[in-house]
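Fold and contact review
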Amino acid sequence: MRAMSRDTVLSPSNFVLPLFLQEGEGQRTPIKSMPGQFRLSVDLAVELAREAFGLGVPAVDLFPALADDVKDPRGSESVNPQGLMQRAIRALKRELPELVVCTDVALDPYSSDGHDGVVIDGRIDNDVTLPILAAMAVSHAEAGADVVAPSDMMDGRVRAIREALDDAGHDQVSILSYCVKYASCFYGPFREALDSAPKSGDKKTYQMDPANYREVEREVRLDEAEGADILMVKPGLPYLDIVAKVRSLSSLPVAVYHVSGEYSMLKVAAERGLLDYERGLLESLTCLRRAGADIIFTYGAIDAARLLAARK
Ligand code: PBG
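This part covers the packing of helix α3 (residues 126-143) against helix α4 (residues 157-167). Viewed as axis vectors pointing N to C, α3 and α4 meet at an angle of 45 degrees, and their least axial separation amounts to 8 Å. The angle between α3 and α4 places the two elements in the oblique class. In this structure, α3 meets α4 at a crossing whose hand is right-handed. Note on element contacts: α4 touches α3 through Arg 157, Ala 160, Ile 161, Ala 164 and Leu 165, opposite Leu 130, Leu 133, Ala 134, Ala 137, Val 138 and Ala 141.

This is how it looks when you write it as structure tokens:
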């Protein structure tokens, strides 16, 4: 009775697995701030993606962890055709052609300032950043990315990326826009994973104020008009009202990011015996779906896919 009258269905086909990449071969470095998560060299990232895909998870999202000596103020490594990101995209599409490969588009993994945009005289320069993001997206598309996911929150970047992709003949590549992204402390563990914390200041001049609700409609309308294919809300659980609002404002698919802090809270609470990780994970993901998300980015994608398979 419970199953037949349930209105929210959670399936591995809703999940996107974020992957942290590192250089080397056979390398697997635990991320201390995120128990159970690793930085992986490209060969092992392909193996984990294969496992996820086999469990019914259709997509991965890529984040490169780079050495400081390739970082600079304009993130020039981000368009290197032989860069870590580009090599990973090619390997994944070669080995798993049906896997949807999404890539993160933002400056922070490549920037010596640790910001998502270019820092000039201590300020983030929105407009100087746009062509850099557009070139990064084209470089990912050239390597074979199916979806580019700008997470930077610069204004106007969806249009800049759409135009650059179309001009380069990549009209089939989709844009998953981090449309409503708040300046949140829940990204803390992720910044350790990539060693990408801002060197100075914070991200409040481009990420949204957690207290704001009215601004959501403006962000949605702008990204729709600029050509976004999927709209993302981030973080997840503290922002269920925002997920529901974006769902009601737009007919585009809605994605939500169950972020590093949300994942690590579950893991660490479970390690301390305070709650059950597996039940906490499935409950969290179900609630994100109930609020209106079609797609969930989660570090628990493989765990949840396994649990759902075992339930049947
Ligand atoms: C930055 C980016 C962040 C995340 C995804 N892309 C961190 C930030 O904005 O500082 C966070 C993901 C997570 O916490 O899981 N472009």
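Moving on, we come to the packing of aromatic side chains. Each aromatic ring pair is summarised here by two numbers: the centre-to-centre distance and the angle between the ring planes. Applying the stated criterion to the full structure yields 10 aromatic pairs. Judged by centre distance (5.9 Å) and plane angle (40 degrees), the rings of Phe 20 and Phe 63 are tilted. A residue pair is termed long-range when its members are at least 10 positions apart, and Phe 20 in strand β1 (residues 15-22) and Phe 63 in strand β4 (residues 59-64) qualify at 43 residues. Phe 63 matches Phe 20 in its accessibility class, with the two residues each being buried. Relative to Tyr 299, the ring of Phe 20 lies with its centre 5.8 Å away and its plane at 15 degrees, an arrangement referred to as stacked. One end of the pair, Phe 20, is in strand β1; the other, Tyr 299, is in the loop between β12 (295-298) and α10 (301-311), and 279 residues separate them in sequence. Judged by its relative accessible area of 1%, Phe 20 is buried. Through successive ring pairs, a cluster of aromatic residues spans Phe 20, Phe 63, Tyr 178, Phe 190, Tyr 257, Tyr 263, Tyr 277, Phe 297 and Tyr 299.

About the thresholds
- Here the residue numbering is sequential within each chain, running from 1 through the sequence in written order.
- Confidence filtering applies because this is a predicted model: local features only for residues at pLDDT of at least 70, side-chain atom pairs given and counted only at 80 or more, and all residues used for totals across whole chains, interfaces and linings.
- Here the side-chain values reflect all heavy atoms present in the structure, with hydrogen atoms and water set aside.
- Comment: axis = line fitted to C-alpha atoms, over the contacting stretch for helices; angle = value between 0 and 180 degrees taken between N-to-C directions.
- Secondary structure elements follow DSSP: runs of H or I of four or more residues count as helices, runs of E of two or more count as strands, with numbering from the N terminus.
- Throughout this description, any angle smaller than 35 degrees is read as roughly parallel, any larger than 145 degrees as roughly antiparallel, any in the 65 to 115 degree range as roughly perpendicular, and the remainder as oblique.
- Crossing handedness is defined as follows: a turn of the near helix away from the far one that is anticlockwise and smaller than a right angle gives a left-handed crossing, while the clockwise case is right-handed.
- Only heavy atoms enter the contact rule, under which two residues are in contact if any of them lie within 4.5 Å.
- In this analysis, rings of Phe, Tyr and Trp, with Trp reduced to its six-membered ring, are considered paired at centre separations within 6.5 Å, and the interplanar angle assigns stacked below 30 degrees, edge-to-face beyond 60, and tilted for intermediate values.
- When a residue's accessible area, from a 1.4 Å probe over protein chains only, is under 20% of the maximum for its type it is buried; when over 50% it is exposed; and in between it is partly exposed.

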